[in-house]
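# Understanding the architecture of this molecule
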Amino acid sequence: MTYTTAIFYFFAAILVFAGLRVITARNPVHAALFLVLAFFTAAGLWILLEAEFLAITLVLVYVGAVMVLFLFVVMMLDINLDKLREGFWDYLPIAGFVSVLLMIEMALILGSRHFGLDVMATPEAHPADYSNTKELGRLLYTDYIYAFELAAVILLVAIVAAIALTLRRRKDSKYINPAEQVKVKRNDRLRIIKMKATQKPGAGEGGA
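Reading the values: the criteria
Numbering of residues starts from 1 in every chain and runs along the sequence as written. Per-residue local features are limited, in this predicted model, to residues with pLDDT of at least 70; the limit for side-chain atom pairs, both in listing and counting, is 80 or more; totals at the level of whole chains, interfaces and linings are taken over all residues. Excluded from the side-chain calculation are hydrogens and water; included are all heavy atoms of the structure. UniProt positions are given in the numbering used here, feature names are shortened, and annotations may be inferred rather than shown by experiment. Axis definition: a line fit to C-alpha positions, over the contact stretch in the case of helices; interaxial angles, taken between N-to-C directions, run 0 to 180 degrees. Going along the chain from the N terminus, every DSSP run of H or I of four or more residues is numbered as a helix, and every run of E of two or more is numbered as a strand. Here the word oblique covers every angle except those under 35 degrees (roughly parallel), over 145 (roughly antiparallel) and from 65 to 115 (roughly perpendicular). Working rule for handedness: look at the near helix, and if it is turned counterclockwise from the far one by less than a right angle, call the crossing left-handed; if clockwise, right-handed. Residues count as neighbours in contact if any of their non-hydrogen atoms are within 4.5 Å of one another. All residues other than Ala, Val, Leu, Ile, Met, Phe, Trp, Tyr, Cys, Pro, Asp, Glu, Lys and Arg, Gly among them, are scored as polar; the first ten of these are nonpolar and the last four charged. Every helix has an expected span of 1.5 Å times one less than the residues it contains. The buried label goes to any residue with under 20% of its type's maximum accessible area, the exposed label to any with over 50%, and the partly exposed label to all in between, with areas taken from a 1.4 Å probe on protein chains only.

An unreviewed UniProt entry lists the protein chain under the name NADH-quinone oxidoreductase subunit J, with Thiobacillus denitrificans as the source organism. In UniProt, the protein chain has this text filed under Catalytic activity (unreviewed entry): "a quinone + NADH + 5 H(+)(in) = a quinol + NAD(+) + 4 H(+)(out)". If you open the UniProt record of the protein chain and go to Subcellular location (unreviewed entry), you find "Cell membrane".

Right under this line is the structure:
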């Protein structure tokens, strides 16, 4: 066993352990912290595969932004853990089926050499000036441009749908319509009123 293989199995064991603790931890904060550990370990596996850009992106985006948001929401909300665990075992059959299906797929991929597919061949050595970031960008905007654009459209639809589902207008809340502000005229904002004088000029000087 080589040094790289030993590191791979070490990271893989930590990743599996962290993934199991994410779904079995009783405290949601602990589950989120185990998910952070899983992300860091997955980033280490990406580095072993010479995909440094994906590893850095995984740490910056998921650990640095998404997980901070998760922790903020979990710690700010008053979550009823007892109610949250109700019906947990009811999903065990379907969860077990999906887990077995995933294990079969991973076995087919990792053991593909036994099925006549040589997708697990050793990658070629890259030159010193090789950039996986440049190569990833080239593939995204050439070979996978349509899939990339389709994913962008799906994300845009998901963002609009999330905003539409969470938008709740309260009747007692005050809000400003920007369209009405743009169409406003001077006469709508300012009105000059002529009033008669209530006191004649010099009337107050007689008593002095």
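Having seen the structure, we can now continue with the description.
This next bit is on the packing of helix α1 (residues 3-24) against helix α2 (residues 28-48). Two quantities define a packed helix pair, namely the angle between the helix axes and the distance between the axes. Look at α1 against α2: their axes get within 8 Å of each other, and the N-to-C directions meet at 155°. Taken together, α1 and α2 sit at an angle that is classed as roughly antiparallel. As for the relative orientation of α1 and α2, their crossing is left-handed in sense. Taken together, the residues of α2 that come into contact with α1 (itself represented by Thr 4, Ile 7, Phe 8, Phe 11, Ala 12, Ile 14, Leu 15, Phe 17, Ala 18, Arg 21 and Val 22) are Ala 31, Phe 34, Leu 35, Leu 37, Ala 38, Thr 41, Ala 42, Gly 44, Leu 45 and Leu 48. Class assignment for the residues of the contact of α1 with α2 results in 17 nonpolar, 3 polar and 1 charged.

Let us look at α2. In this model, α2 (21 residues) spans 30 Å end to end at C-alpha, consistent with the 30 Å of a helix rising 1.5 Å per residue. Residue Glu 50 follows α2 closely and has a positive phi angle near 65°.

Mapped onto the secondary structure, Thr 133 falls in helix α6 (residues 132-140). Residue Thr 133 is classed as partly exposed on the basis of its relative accessible area, which comes to 37%. In this structure, the C-alpha to C-alpha distance between Thr 133 and Glu 52, residues 81 residues apart in sequence, is 8.1 Å.

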